[in-house]
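Examination of the molecular architecture
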Amino acid sequence: MINNPYCWRRRIAFFVVIFAFLAVLSTCIAPARALDDSENETVTVSVESVITLEVEPVTGSEPSNIVADASLNNGLGTGATDVTVSSNNETGAILQLSMISTDTKSGKLVPTTGTGSIDPTTGGTSLGTNKWGYYAYQTPGSPPSPITWAAVPASASPATIYSSVGAGPFSYRVTYGAQVDYTLPGGKTYSNQVTYTASTKP
């Protein structure tokens, strides 16, 4: 019976079926493999160049309220303003000062009525008699020594107070002064308008 070829064939066929079944079963119960997929994306932020200008008169020493007395302090009166420029421009910013008018002769301080005027200084360590002007220095910091006065130019050719390199804020104190004597008609106020301009560099 054992040597019967038919029996051997049946046994071999049985084992083949068993092995095939086990192979199929192992495939079915094999652990699932993780699948993945990826895709790139670019995040872009556009940052605009901005600039702001803040003008703050120094309390108790406002340029709009300078008092010049010919009998005191050699006739010199002063007032100051703190100017702050803030910009994120990579190449920097410029702060300029000028008279509002384009007329080069408009740099005088004149009274609302009557005669007389306080003329622009010609520059130097002294304003000169019946002259007015300004000087500026970066803050925090100390005034220059000696002080050098300058005239405020017409708007067609503004004076550059500071030119920064790179982004960030900077501050300057601009001090105005007028020096008078007894020949200037008193009992009145003399005034004119100046303008500050902050701009980004190209």
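Okay, so let's go over this structure. The model shown is predicted, which means the values in this text are computed figures rather than measured ones. (Residues numbered from 1 in each chain as written. Predicted model: local features only at pLDDT ≥ 70, side-chain atom pairs only at ≥ 80, totals over all residues. Heavy atoms only, no water.)

1. Thoughts on the packing of aromatic side chains
The test is simple: A pair of aromatic rings is counted whenever rings of Phe, Tyr or Trp (Trp by its six-membered ring) have centres within 6.5 Å, and the orientation is called stacked for planes under 30 degrees apart, edge-to-face for over 60 and tilted otherwise. Helical segments are the DSSP runs of H or I of at least four residues, strand segments are the runs of E of at least two, and each set is numbered from the N terminus. Remark: exposure states derive from per-residue accessible area (1.4 Å probe, protein chains only) relative to the maximum for the residue type, with buried under 20%, exposed over 50%, and partly exposed in between.
Tallied over the entire structure, the rule returns six aromatic pairs. Look at Tyr-134 and Tyr-176: their rings are 6.5 Å apart centre to centre, the planes differ by 45°, and that puts the pair in the tilted class. One end of the pair, Tyr-134, is in strand 6 (residues 131–139); the other, Tyr-176, is in strand 8 (residues 170–179), and 42 residues separate them in sequence. Comparing Tyr-134 with Tyr-176 shows no difference in burial state: the two are buried. Put simply, the rings of Trp-132, Tyr-134 and Tyr-176 touch in pairs and so form one group of aromatic residues.

2. A closer look at the nonpolar core
Put simply, the test is: What we call a nonpolar core is a set of buried Ala, Val, Leu, Ile, Met, Phe, Trp, Tyr and Cys residues that are connected through their side-chain atoms within 4.5 Å.
Ranked by size, the top nonpolar core spans 22 residues in total, and within it Leu-95, Leu-97, Ile-118, Trp-132, Val-174 and Tyr-176 carry the most contacts. Looking at this core, the elements with two or more residues in it are strand 2 (76–87), strand 3 (93–99), strand 6, strand 7 (159–163) and strand 8. Counting residues per element, this core draws most heavily on strand 8, which supplies five residues.

3. Things to note about the pairing of strand 6
Convention followed: For two strands to be treated as a pair, DSSP must find at least two bridges joining them.
Examined bridge by bridge, strand 5 (residues 119–120) and strand 6 share two bridges and lie parallel to one another. Looking at the pairing, Pro-120 lines up with Trp-132 of strand 6. As paired elements, strand 6 and strand 8 share nine bridges and run antiparallel to each other. Within the sheet, the bridge partner assigned to Tyr-137 lies in strand 8 and is Arg-173.

4. Focus on a nonpolar patch on the surface
Just so we agree on the cut-off: A patch consists of residues exposed above 30% relative accessible area that lack any salt bridge, with like charges linked at up to 9 Å and nonpolar side chains (Val, Leu, Ile, Met, Phe, Trp, Tyr) linked at up to 5 Å. Each accessible area is a Shrake-Rupley result for a 1.4 Å probe, and residues are judged covered by the shown protein chains and nothing else. The salt bridge criterion pairs a side-chain nitrogen of Lys or Arg with a carboxyl oxygen of Asp or Glu, the two atoms within 4 Å.
A contiguous nonpolar patch, built from Val-43, Val-45 and Val-47 and spanning about 360 Å² of accessible area, is present on the exposed surface. Checked against the element boundaries, Val-45 lands in the loop between helix 1 (5–28) and strand 1 (51–57).

5. A word on the side chain of Ser-98
For the record, the criterion: Pairs of residues are marked as contacts when any of their non-hydrogen atoms sit within 4.5 Å.
Within the secondary structure, Ser-98 sits in strand 3. Filtering out sequence-adjacent residues up to four positions away, Ser-98 remains in contact with Val-152, Pro-153, Ala-154, Ser-155, Pro-158, Val-194 and Thr-195.

6. Remarks on the environment of Pro-169
The topology assignment puts Pro-169 in the loop between strand 7 and strand 8. On the basis of relative accessible area, Pro-169 is assigned to the exposed category, the value being 63%. Excluding residues within four positions of it along the chain, Pro-169 makes contact with Val-85 and Ser-86.

7. Considering the pattern of salt bridges
Summed over the entire model, instances satisfying the criterion amount to two salt bridges. Here Arg-173 and Asp-82 are joined by a salt bridge, their closest N and O atoms 2.7 Å apart. In this pair, Arg-173 sits in strand 8 while Asp-82 sits in strand 2, placing the two residues 91 residues apart along the sequence. Taking the relative accessible area as the measure of exposure, Asp-82 reaches 23% and is therefore partly exposed. Here Asp-119 ties to Lys-108 by a salt bridge, and the two come within 3.9 Å at their closest N and O atoms. In this pair, Asp-119 sits in strand 5 while Lys-108 sits in the loop between strand 3 and strand 4 (110–111), placing the two residues eleven residues apart along the sequence.

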